[in-house]
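# A closer look at the structure
Spelled out from the first residue to the last, the chains are:
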Amino acid sequence: MPDAANSGDSFDVIVVGAGNAALCAALSAQEQGARVVVLERAPEEESGGNSRFTAGAIRVAYRGVDDLRELMPDLTEDEIAQTDFGTYTEDQFFDDMFRVTRNRTDPVLCEILVRRSFETLKWLRGKGVRFQPIWGRQAFKVDGKFKFWGGLTVEAWGGGPGLVQAETEACRKRGIEIRYRSRATRILTDGFRVQGVQVKTPGRLYELRAPAVILAAGGFQGDAEMRTRYLGPGWELAKVRGTRFNTGDGIKMALDIGASPFGNWSGCHAVQWDFNAPEYGDLAVGDAFQKHSYPWSVLVNANGRRFLDEGADFRNYTYAKYGRVVLEQPGNFAWQVFDRKVLHLLRDEYRIKQVTKVRADTLEELAQKLEGVDGKAFLEEIRAYNAAVRTDIPFNPNVKDGRRTEGLAINKSNWANTIEEPPFEAYQVGCGITFTFGGLRIDPETRVLDQDQEPIGGLYACGELVGGIFYFNYPGGSGLINGAVFGKIAGATAVADLRRNA
Ligand SMILES: Cc1cc2nc3c(=O)[nH]c(=O)nc-3n(C[C@H](O)[C@H](O)[C@H](O)COP(=O)(O)OP(=O)(O)OC[C@H]3O[C@@H](n4cnc5c(N)ncnc54)[C@H](O)[C@@H]3O)c2cc1C
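In what follows, the accompanying structure is described. (Residues numbered from 1 in each chain as written. Predicted model: local features only at pLDDT ≥ 70, side-chain atom pairs only at ≥ 80, totals over all residues. Heavy atoms only, no water.)

Further remarks concern the sheet that holds strand β12 (residues 204-209). Remark on secondary structure: sheet strands pair via backbone hydrogen bonds, oriented parallel or antiparallel. Taken in spatial order, the 3 strands of this open sheet run β10-β11-β12, and their pairing is antiparallel. At either margin of the open sheet sits one strand with a lone partner, and together these are β10 (183-189) and β12. Mean inter-strand twist for the sheet, computed between neighbouring axes without regard to direction, equals 25°. (Pairing = 2+ DSSP bridges. Helix = DSSP H or I, 4+ residues; strand = E, 2+ residues; numbered from the N terminus. Axes fitted to C-alpha atoms, helices over the stretch in contact; angles between N-to-C directions.)

Inspection of the entire model under this criterion finds 2 cavities of 30 Å³ or more. By volume, the second largest cavity amounts to about 40 Å³. Grouping the constituent residues of the lining of the second largest cavity by class yields 5 nonpolar, 3 polar and 1 charged. (1 Å grid on protein atoms, 1.4 Å probe; cavity = no way out; pocket = protein on both sides within 12 Å on 5 of 7 lines; lining within 4 Å. Points joined across faces, edges and corners; volume = space filled by probe spheres on them. Nonpolar A, V, L, I, M, F, W, Y, C, P; charged D, E, K, R; others polar.)

The amide bond that connects Pro 422 to the next residue, Pro 423, takes the cis arrangement and shows omega of 0°. Checked against the element boundaries, Pro 423 lands in the loop between α15 (375-388) and β20 (424-436). Even without being a glycine, Arg 102 presents a positive backbone phi close to 50°.

Around the ligand, 39 residues are found, and the nearest of them are Glu 40, Asn 50, Ser 51, Ala 57 and Asn 246. For the ligand, a nitrogen atom lies 3.2 Å from a polar atom in the backbone of Arg 41. Take Ala 57: an N or O atom from its main chain is 2.7 Å from a nitrogen atom of the ligand. Summarising the interface, the protein chains cover 97% of the accessible area of the ligand, which totals 1000 Å² for the free molecule. If you tally residues by element for the shell around the ligand, the top one is helix α2 (residues 49-53), at 4 residues. Along the lines of polarity and charge, the residues of the shell around the ligand split into 14 nonpolar, 18 polar and 7 charged. (Near = heavy atom within 4 Å. Polar contact = N/O pair within 3.5 Å; in protein donor to acceptor, adjacent residues only side chain to side chain. Areas by Shrake-Rupley, 256 points an atom, 1.4 Å probe, with all protein chains shown as cover.)

A separate point is the pattern of salt bridges. Following the criterion strictly, the structure yields 41 salt bridges and no others. Residues Arg 69 and Glu 77 are paired through a salt bridge, measuring 3.0 Å at the closest nitrogen-oxygen approach. By relative accessible area, which is 55% here, Glu 77 ends up exposed. Here the salt bridges share partners, and the residues they tie into one network are Arg 59, Asp 96, Arg 99, Asp 313 and Lys 400. (Salt bridge = Lys/Arg side-chain N within 4 Å of Asp/Glu carboxyl O. Buried < 20%, exposed > 50% of the residue type's maximum accessible area, 1.4 Å probe, protein only.)

Right, let's get into the sheet that holds strand β6 (residues 139-142). Spatial ordering of the open sheet is given by β4-β7-β6, a layout of 3 strands whose pairing is mixed. A strand with exactly one partner marks an edge of an open sheet, and here the two such strands are β4 (83-84) and β6. Judged from the 4 bridges that link them, β6 and strand β7 (residues 145-148) form a sheet pairing that is antiparallel. Residue pairing for β7: Phe 140 is matched across the bridge by Lys 147.

With that out of the way, let us pick up the packing of helix α1 (residues 20-31) against helix α16 (residues 478-501). Running from N to C, α1 and α16 point in directions that differ by 35°, and their axes come no closer than 7 Å. Pair α1 / α16 crosses with right-handed handedness. Between α1 and α16, the residues in contact are Asn 20, Ala 21, Cys 24, Ala 25, Ser 28 and Ala 29 and Leu 480, Gly 483, Ala 484, Gly 487, Lys 488, Ala 490, Gly 491, Ala 492 and Val 495, respectively. By residue class, the composition of the contact of α1 with α16 is 9 nonpolar, 5 polar and 1 charged. (Left-handed = near helix turned anticlockwise from the far one by under 90°. Contact = heavy atoms within 4.5 Å.)

Turning next to the pairing of β12. Relative to β12, strand β11 (residues 194-201) runs antiparallel, the two being bridged by 6 bridges. Across the sheet, residue Gln 198 finds its bridge partner in β12, namely Glu 207. Two successive antiparallel strands, β11 and β12, enclose a turn made up of 2 residues, where Gly 203 displays a positive phi of approximately 90°.

All of the buried residues in helix α12 (residues 319-327) are Tyr 319, Ala 320, Tyr 322, Gly 323, Val 326 and Leu 327. The buried residues of α12 occupy an angular sector of 160° when projected down its axis, which confines them to one face. Taken together, the buried residues of α12 touch β16 (268-274), β18 (334-338) and β20. (Arc of directions from axis to C-beta.)

By size, the foremost hydrophobic cluster in this structure holds 144 residues, and its most contacted members are Val 13, Leu 215 and Phe 486. When residues in this core are grouped by element, the largest group, 10 residues, is from α16. Val 13 has contacts with Ala 29, Ala 34, Arg 35, Val 36, Val 37, Ala 210, Ala 212, Ile 214, Ala 494, Val 495 and Leu 498, leaving out every residue within four places of it along the chain. Grouped together as the second largest cluster of nonpolar side chains are 24 residues, Val 298, Phe 333, Val 358 and Leu 370 included. (Core = buried A, V, L, I, M, F, W, Y, C linked by side-chain atoms within 4.5 Å.)

Take a look at the structure:
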């Protein structure tokens, strides 16, 4: 039997989870005067959810360098002089969201995401979170000047670990208690309003009462059974890129008390991920099992054949959907193949110790080394591909250069280079799932809605476990801004509702 006692504690708001969305919600509720407690299922050393696994890249709308200066006052005049930051307007952000989700993103939630992105990062900066430009991954140097591409310019200091640490410190400084190894297992309700949650810790089950509960416990990608049930057969074979603690608890608890499911329940964010990566993410490696330089590669499957357009768009707009395509290949793997011409462009993650890689001085030798691949078919494929490259169009990694192949069953639309100059390198990738797209239905103020589309009194949700924002695909860097924008709103709404109902 659970302890009915509240351990003598008295809280206005319980936040479930301690990732980016949760900590933003906690900070926002505290700012409005609430007594807030955060429940984190993981032990402290593994806390912070998927947010901690990220590189900390954050998509935000900005009009130019003056806006960026507000977020990053440490930018020096020299850095500004050497960089073309361009713009990423709200309209561009909208266009990206509608294009990659094939117009399915909920227009109201999407509008909030886009229009509040900048002010929310400014608010986080005010809480002590620092940002910097993503020099390493999102900008290439051309004619002595860094040029940013793909709408992704800002990252948190210290990446995901730095972001979570800064937010955790901000919470502690403001007296917000974070309870680790504390898993919310059930929402307490009188049938009309939530009254708290049941909490399981090692050796203890107790009821923690409060008039408002904010769910920020992530998606269901960490649960192989739910993955297979909702995403489809084969998904139990995917590797989980991030935390092992996001097993759909928040979603299930809310559905159990009548919440409405919403969004793309069979969809998820999934990328090319080292084929031999462990079952779950490893905080020591972070996101480095990913292999995101595929736009400069030729990607072949076990049959030795290309199966997608590696250069369809900037990496930011294709990476999140190509994990699924790799999972669907025979044996659930592919090889990314590069030749000397582009090796200097490969991202840092290609140089980690835990990498599945082969190197060869001839294509024939490479064909023999590509484990699981029909070598003869591979050589034919590369020959046909090389012959189809429009080498008369200059290669430029900063823009969609139109350097393409012509006449192939599957053409490469940009950045097509021949594969002919040794040394050759190839990297074996499988599918790594990041997070699931389906989740709970919320109103614009993050109140969780029931099956009659009415708010469930006292229940709020933000972050990965909210449905309706991402469908099919996702523009890179949107997960953190999604958690921050709706986390901030959730904290404020929870307190405003408490005042209204008092
Ligand atoms: C490897 C990797 C790289 C990524 N890179 C980026 C990037 O650069 N930029 C970007 O925008 N996005 C990135 N993402 C996506 C991003 O991580 C997520 O979209 C975002 O962090 C989700 O935030 P969240 O707060 O909703 O969930 P999380 O950060 O996952 O937090 C959920 C929390 O809930 C806790 N929890 C779960 N169940 C319970 C329970 N029953 N009781 C209590 N606590 C519970 C978990 O332990 C966890 O702390 C990346 C993801 C991964 C895995």
